[in-house]
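# Understanding the architecture of this molecule
As a plain string of letters, each chain reads:
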Amino acid sequence: MTSARWVGWSAVAVAVAIAWPALNGQFLSDDLAVMHWLVGWDANGAFWPSIFAKFAAGFDVPSHYYRPLALITYGLDQRLFGWAPLPWHLTSFAIHIGNALLVAAVMRTLGGDALRASTAAGLFLFFPLAPEVSIWLSGRYDLLAVTGMLIAVYAHLRAQGFDRWRALSLFGFALGLAAKEAAMPTPGLLVLASLLRAP
């Protein structure tokens, strides 16, 4: 195993070990609102139609949010795991790990070697200001927004004109926006990534 892969897998193992007590936590705060929606839609016999309808429904009232993407993942969690919170937390943490891999991919595309990319991914995994990835299921909106943003940046760096990578970049941006409005700065990140790209 190369040193870069060793660093990467070690970072994942340590991150899971650190987060494990929180991953075993319960639903809390805004999580209960999500559960309320799912229970209501299921009781009305319109579980999946209600979830997919959110994509065309516009802004929620009264919150004025447009965040339909996470509802699909919540629906899958509920159908696969019922109301046991641990698998829901593990789903969120798996998305966080996937985002760390995207950070590594972006780093490589910017010219970093494998060790630097693995180190960047590890730092992302341990970022202390984002505990909601392990303790707060409602933080999945942010997780998925970051996923879309990172896909957009990575694909933008790979694109040559308007090719499949450019299309994937636009898709990533749309994905992020369907997760949370926090993805709005993505065009600025694309400009920054272009400036940082190794010649």
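The structure reproduced in this document is the subject of the present report. (Residues numbered from 1 in each chain as written. Predicted model: local features only at pLDDT ≥ 70, side-chain atom pairs only at ≥ 80, totals over all residues. Heavy atoms only, no water.)

### As for the packing of helix α4 (residues 69–81) against helix α5 (residues 85–109)
Two elements in contact, α4 and α5, have axes whose closest approach is 10 Å; the angle formed by their N-to-C orientations is 140°. Overall, the two elements α4 and α5 adopt an arrangement that is oblique. Here α4 and α5 pass one another in a crossing that is right-handed. When α4 is examined against α5, the residues Tyr-74, Asp-77, Gln-78 and Phe-81 are found in contact with a partner set consisting of Pro-87, Trp-88 and Thr-91. Across the contact of α4 with α5, the residue classes tally to four nonpolar, two polar and one charged. (Axes fitted to C-alpha atoms, helices over the stretch in contact; angles between N-to-C directions. Helix = DSSP H or I, 4+ residues; strand = E, 2+ residues; numbered from the N terminus. Parallel < 35°, antiparallel > 145°, perpendicular 65-115°, else oblique. Left-handed = near helix turned anticlockwise from the far one by under 90°. Contact = heavy atoms within 4.5 Å. Nonpolar A, V, L, I, M, F, W, Y, C, P; charged D, E, K, R; others polar.)

### Notes on the side chain of His-156
Following the sequence through the fold, His-156 ends up in helix α8 (residues 140–158). Look at His-156 and you get buried, because its relative accessible area is 12%. Among the polar contacts made by the side chain of His-156, one reaches the side chain of Ser-194 at a distance of 2.7 Å. If we ignore the near neighbours within four places in the chain, the residues touching His-156 are Arg-166, Ser-169, Leu-190, Ser-194 and Arg-197. (Buried < 20%, exposed > 50% of the residue type's maximum accessible area, 1.4 Å probe, protein only. Polar contact = N/O pair within 3.5 Å; in protein donor to acceptor, adjacent residues only side chain to side chain.)

### Concerning unusual backbone geometry
Even without being a glycine, Ser-29 presents a positive backbone phi close to 50°. Of the residues examined, Ser-29 reaches a relative accessible area of 47% and is grouped as partly exposed.

### Examining the nonpolar core
Judged by nonpolar contacts, the single largest core of 36 residues is most densely connected at Leu-38, Ile-51, Tyr-74, Phe-93 and Leu-125. Where this core is concerned, the elements lending two or more residues are α1 (3–23), α2 (31–43), α3 (47–53), α4, α5, α6 (114–125), α8 and α9 (164–179). Here this core takes six residues from α5, the largest share from any one element. If we ignore the near neighbours within four places in the chain, the residues touching Leu-38 are Phe-47, Ile-51, Tyr-74, Gln-78, Trp-83 and Trp-88. (Core = buried A, V, L, I, M, F, W, Y, C linked by side-chain atoms within 4.5 Å.)

### Here we look at the environment of Gly-98
The topology assignment puts Gly-98 in helix α5. Classification of Gly-98 by relative accessible area gives partly exposed; the value is 27%. Distance from Gly-98 to Thr-147, taken between C-alpha atoms, is 7.9 Å for residues 49 residues apart in sequence.

### With respect to the packing of aromatic side chains
One pass over the full model with this rule turns up eight aromatic pairs. A ring pair is formed by Phe-27 and Trp-88, whose centres lie 5.3 Å apart and whose planes are at 90°; its orientation type is edge-to-face. Here the residue Phe-27 occupies a position in the loop between α1 and α2, and Trp-88 occupies one in helix α5, the gap between them amounting to 61 residues. Here Phe-27 and Trp-88 have matching classes, each one buried. Over the ring of Tyr-65 we find Arg-67, and its NZ or CZ is 3.6 Å from the ring centre. (Phe/Tyr/Trp six-rings, centres within 6.5 Å; stacked < 30°, edge-to-face > 60°. Lys NZ or Arg CZ within 6 Å of the ring centre and 35° of its normal.)

### Describing the pattern of salt bridges
The full count for this structure, using the stated rule, is four salt bridges. For Asp-42, the salt bridge is made with Arg-79, and the minimal N-O distance between the two is 2.9 Å. Highlighted residues: Asp-42 in helix α2 and Arg-79 in helix α4, separated in sequence by 37 residues. With relative accessibility at 36%, the residue Asp-42 sits in the partly exposed group. You can call Arg-79 partly exposed: its relative accessible area is 38%. Taking the shortest distance from any N to any O, the salt bridge between Asp-77 and Arg-140 comes out at 2.8 Å. Taken together, the residues Asp-77 in helix α4 and Arg-140 in helix α8 connect sequence positions 63 residues apart. Both residues of the pair, Asp-77 and Arg-140, count as buried. (Salt bridge = Lys/Arg side-chain N within 4 Å of Asp/Glu carboxyl O.)

### Looking at helix α10 (residues 186–196)
The periodicity of an α-helix, 3.6 residues per turn, causes residues three or four places apart in sequence to face the same way. Those residues of α10 lying buried are Thr-186, Leu-190 and Ala-193. All buried residues of α10 lie within an arc of 65° about the axis, which places them on one face of the element. Exposed and facing more than 90 degrees away from the buried side of α10 are Val-191 and Leu-195. Structurally, α10 contributes buried residues whose contacts are with α8 and α9. (Arc of directions from axis to C-beta.)

These values are about where atoms sit, not about what they do.
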